[in-house]
Amino acid sequence: MASTGDRQPNGSDPAVRTAEAAALHTVLDALSDGRGRLVELVGEPGAGKTRLLTGLAEEAERRGAVVLRGRATEAASALRCQVLVDVLGRWGGAGLDEDQLAALGELLPQLALGPGPQTIPADLPPAWWLCHYYATLVQRLSLCAGRGLVLLLDDAHWLDPGTLELLEYLGQRPVAAPVAVVVSYRPRQAPAELAGTFAQGVELGTAGRVELAPLDPRRSAELAGMPVDSPALRRLHRESAGNPLYLLTLLDQAAEAPGAESADGAEAADGARAAAPPEPVEPALPVRFGARISAEFVALDEQLQQVAAAGAVLGERFDAAGVAALIDQPKERTCGLLDGLVRRDLLRTVPGTDQLAYRHPLVRRAVYAAVDACWRIEAHRKALDFLSARGVPDAELAEHVQRSGPGDGERDHLVLAAAARVALLTGDARAAATLLPEALRLLAVRGKAREAMELSAFALSVKSAARPAPELLMGCGVPLPTPALPGVAAEPAGAAVELFAALTEREREVADLAGTGRRTRQIAAELRLSPRTVDVHLTRIYRKLNISSRAALARMVVESGRAGGLAG
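Residues numbered from 1 in each chain as written. Predicted model: local features only at pLDDT ≥ 70, side-chain atom pairs only at ≥ 80, totals over all residues. Heavy atoms only, no water.

J.: Even after reading the chapter, I still don't get the overall build of the protein chain, so can you show me in this structure?
T.: When its secondary structure is counted, the protein chain shows 27 helices and seven strands. Within the span of the protein chain, comprising 568 residues, buried residues form 47% of the whole. Looking at the protein chain as shown, the accessible area adds up to about 26800 Å², and 54% of this sits on carbon and sulfur atoms. (Helix = DSSP H or I, 4+ residues; strand = E, 2+ residues; numbered from the N terminus. Buried < 20%, exposed > 50% of the residue type's maximum accessible area, 1.4 Å probe, protein only. Areas by Shrake-Rupley, 256 points an atom, 1.4 Å probe, with all protein chains shown as cover.)

J.: I'm lost on the pattern of salt bridges in this one. Help?
T.: Overall, the coordinates contain 34 salt bridges when judged by the stated rule. Of the charged contacts, one joins Arg-348 and Glu-44 as a salt bridge, the two residues approaching to 2.3 Å between their closest N and O atoms. With Arg-348 in strand E6 (residues 347-349) and Glu-44 in the loop between strand E1 (37-43) and helix H2 (49-62), the pair connects residues that are 304 residues apart, well separated along the chain. For Glu-44, a relative accessible area of 26% corresponds to the partly exposed category. Linking Glu-296 and Arg-359 is a salt bridge whose minimum nitrogen-to-oxygen distance equals 2.5 Å. Of this pair, Glu-296 sits in helix H12 (residues 287-298) while Arg-359 sits in the loop between strand E7 (356-358) and helix H16 (361-370), and the two are 63 residues apart along the sequence. (Salt bridge = Lys/Arg side-chain N within 4 Å of Asp/Glu carboxyl O.)

J.: What is the right way to read the pairing of strand E5 (residues 208-212) from this model?
T.: Moving residue by residue along a regular strand, the side chains alternate between the two faces of the sheet. Residues of E5 alternate between two faces, with Gly-208, Val-210 and Leu-212 buried on one and Arg-209 and Glu-211 left unburied on the opposite face. Sheet topology places E1 next to E5; five bridges connect them, and they run parallel. Residue pairing for E5: Val-39 is matched across the bridge by Gly-208. (Pairing = 2+ DSSP bridges.)

J.: Which parts of the structure should I look at to understand the sheet that holds strand E4 (residues 179-185)?
T.: Within a beta sheet, neighbouring strands are joined by backbone hydrogen bonds and run either parallel or antiparallel to one another. Taken together, five strands build an open sheet; the order of strands is E2-E3-E4-E1-E5 and the sheet is parallel. Whereas interior strands pair on both sides, the edge strands pair on one side only; in this sheet they are strand E2 (66-71) and E5. Each strand axis lies, on average, 15° off the axis of its neighbour in the sheet, ignoring direction. Bridge count between E2 and strand E3 (residues 149-154): six bridges; the pairing is parallel. When the sheet's bridge partners are listed, Arg-71 is paired in E3 with Asp-154. (Axes fitted to C-alpha atoms, helices over the stretch in contact; angles between N-to-C directions.)

J.: Please explain the packing of aromatic side chains as it appears in this structure.
T.: Evaluated as defined, the whole model comprises three aromatic pairs. Over the face of the ring belonging to Phe-458 we find Arg-421, whose NZ or CZ atom lies 4.7 Å from the ring centre. (Phe/Tyr/Trp six-rings, centres within 6.5 Å; stacked < 30°, edge-to-face > 60°. Lys NZ or Arg CZ within 6 Å of the ring centre and 35° of its normal.)

J.: Can you help me understand the side chain of Asp-154 in this one?
T.: Within the secondary structure, Asp-154 is located in strand E3. At 3.3 Å, the side chain of Asp-154 forms a polar contact with the side chain of Arg-71. Reaching out from Asp-154, the side chain makes a polar contact with the side chain of Ser-184 at a distance of 2.4 Å. Among residues more than four places away in sequence, those in contact with Asp-154 are Thr-50, Leu-53, Arg-69, Gly-70, Arg-71, Ala-72 and Ser-184. (Polar contact = N/O pair within 3.5 Å; in protein donor to acceptor, adjacent residues only side chain to side chain. Contact = heavy atoms within 4.5 Å.)

J.: Teacher, can you tell me more about the environment of Asp-155 here?
T.: Among the secondary structure elements, Asp-155 is positioned in the loop between E3 and helix H6 (161-172). On the basis of relative accessible area, Asp-155 is assigned to the buried category, the value being 17%. Sequence separation between Asp-155 and Ala-190 is 35 residues; the distance between their C-alpha atoms is 9.2 Å. Asp-155 has contacts with Arg-71, Ala-72 and Ser-184, leaving out every residue within four places of it along the chain.

J.: Just to check I follow, could you spell out the confidence of the model for the protein chain for this structure?
T.: In low-pLDDT regions, the fine details of the predicted coordinates are not to be read closely. Put simply, the protein chain has an average pLDDT of 84, and 83% of its residues get 70 or more. Across residues 3-11, where pLDDT falls below 50, the model places 21 contacts with residues more than four positions away in sequence or in other chains. Taken together, the stretch residues 482-493 has pLDDT below 50 and engages in twelve contacts with residues farther than four places along the chain or on a different chain. (pLDDT = per-residue confidence, 0-100.)

J.: Sorry if this is basic, but what is going on with the packing of helix H13 (residues 302-314) against helix H14 (residues 320-327) here?
T.: When two helices pack together, their arrangement is given by the angle between their axes and by how far apart the axes lie. Direction vectors running N to C along H13 and H14 enclose 115°, while the axes themselves pass 9 Å from each other. Between H13 and H14, the interaxial angle falls into the category roughly perpendicular. For H13 against H14, the interelement crossing comes out right-handed. Touching Gln-306, Val-307, Ala-310, Gly-311, Val-313 and Leu-314 of H13 are Gly-322, Val-323, Leu-326 and Ile-327, all from H14. Here the contact of H13 with H14 is built from residues that sort into seven nonpolar, three polar and no charged. (Parallel < 35°, antiparallel > 145°, perpendicular 65-115°, else oblique. Left-handed = near helix turned anticlockwise from the far one by under 90°. Nonpolar A, V, L, I, M, F, W, Y, C, P; charged D, E, K, R; others polar.)

J.: I tried to follow H12 on my own but got confused; where do I start?
T.: Each turn of an α-helix holds 3.6 residues, which means side chains three or four residues apart point in the same direction. In this model, H12 (twelve residues) spans 16 Å end to end at C-alpha, consistent with the 16 Å of a helix rising 1.5 Å per residue. Every buried residue of H12 is listed here: Phe-289, Ile-293, Glu-296 and Phe-297. Buried residues of H12, viewed axially, fall in a sector of 100°; they line one side. Turned more than 90 degrees away from the buried face of H12 sit Val-287, Arg-288 and Val-298, all of them exposed. (Expected span 1.5 Å × (residues − 1). Arc of directions from axis to C-beta.)

J.: Honestly, unusual backbone geometry in this entry has me stumped. Any pointers?
T.: Leaving glycine aside, a negative phi is the common case for residues, and trans is the common case for peptide bonds. Of note in the backbone geometry, Asp-328 takes a positive phi value of approximately 55° without being a glycine. Under the relative-accessibility criterion, Asp-328 is labelled exposed at 56%. Phi is positive for Asp-345, close to 65°, though the residue is something other than glycine. Relative to the assigned elements, Asp-345 resides in the loop between helix H15 (331-343) and E6. Take Asp-345: its relative accessible area is 1%, and that puts it in the buried class.

J.: Could you clarify how one ought to interpret the packing of H12 against H16 in this entry?
T.: The contact between H12 and H16 brings their axes to 9 Å, and the two run at 70°. Relative to H16, H12 is oriented roughly perpendicular. Here Phe-289, Gly-290, Ile-293, Ser-294 and Phe-297 of H12 come into contact with H16, specifically with Leu-362, Val-363, Ala-366, Val-367 and Ala-370. Here the residues of the contact of H12 with H16 sort into eight nonpolar, two polar and no charged.

Laid out in structure tokens, this is it:
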């Protein structure tokens, strides 16, 4: 398995991006022939852009070229050509002759001032100003090239309008000197001018494009140092969506989690697992990843931070109404703020719905961790009230109870008990290990001794991996139940009923019809839904019921007693 200490800061490795690195290195081959190149390096956050630029810089310096590197920022995006002025100013022209130094000295103020009376000859008509201005810039930049000049601009989605105009000029008129300009950016955050410049340049053959696609399973295996056919690797690849940063972050967490899988995907011995109970708290995010996402979060203004925090509290998916309820703002204003987070690619829309989600669950967790803890507690209680009013099943509200001070609400014990039963029935040992003791404690505090006994009896009767040891129940202060306890079954005869209780009303309607043999289009017509919406409901139903087919759903409908009177 790959060693964390050997990885690059951005969670990537040039060894798994060999084709992309080779494509970038053609820029240096052009310099050797005295030709300039303009190239875009495009990829999602965490795809490895920065690491590839570092590799290109190292190779360029090895070949004797001058490498100038800068990073555009939102703060400087209002300052004309600030990133270019910074990198050229820091360089200072080391190794240039007198003529080249003079050209550099004239170039810097021209970049900062832009086209105007101070940088354009007085007798030149205004219609020619832009063309003359950028032609002069490129000429002076070419004079500074020497044996080769490589200009690398990272995070180009924050570039100022002046630099974007210069790139557009370069895309239309290639530099006839050994000057290479490589810009990297996130495609979802790129301004239309930047994307359009390179789209046209690629079409004309005056610009190149290197795109970092998600890793395939083979390259994910190489990055993780795991066999490609490993079950653990397949899970990591799926959950990371082939993103190197997310894959390695998940790998680090898996290595730290109790009962973690080994590198070849084999589980620990049963005895070893029994000795270590499931960890109720998610493993901490690696410090470096948390700091990276926290930097994005703290760069937001106060209102956007509050909206981002509300989304992180609500869950994996949420909508504008939920966020508005947590931040006490009108829905219309909240929608505008959410759009701002979508433009920054912190949030993304969920296709086919009116919901949003963080660009990856790990990003949501990092933002959640960066939010004030006291604010989170209050926000979870607001989320609980909002979702309860929407009719969300109790079993889906447990996280908000747990994170807002269990016991503060009148129905907290009911929510936790319902969630504990679902966890026990579905074999979710990790969830059951936290929910069951908390539910039993609250039931005891509320004086619900019988309900506590019934829940403990149910827990001991389930036949799943989540069934607790009797010692756990004794540790909760609840007497162990006896088979003679009135009204308590020794076997979970109502297992299907309990699982159906976790469905929404609409999901139960869909499940009832699907379980009696109706096809998707028939269900859609009967409930006045689209077939796509029915499929979405079925996917959620399968997940909640822990099944994978309509045959299994039909059996559960019959077992729950819901089939009567539905056929026809």
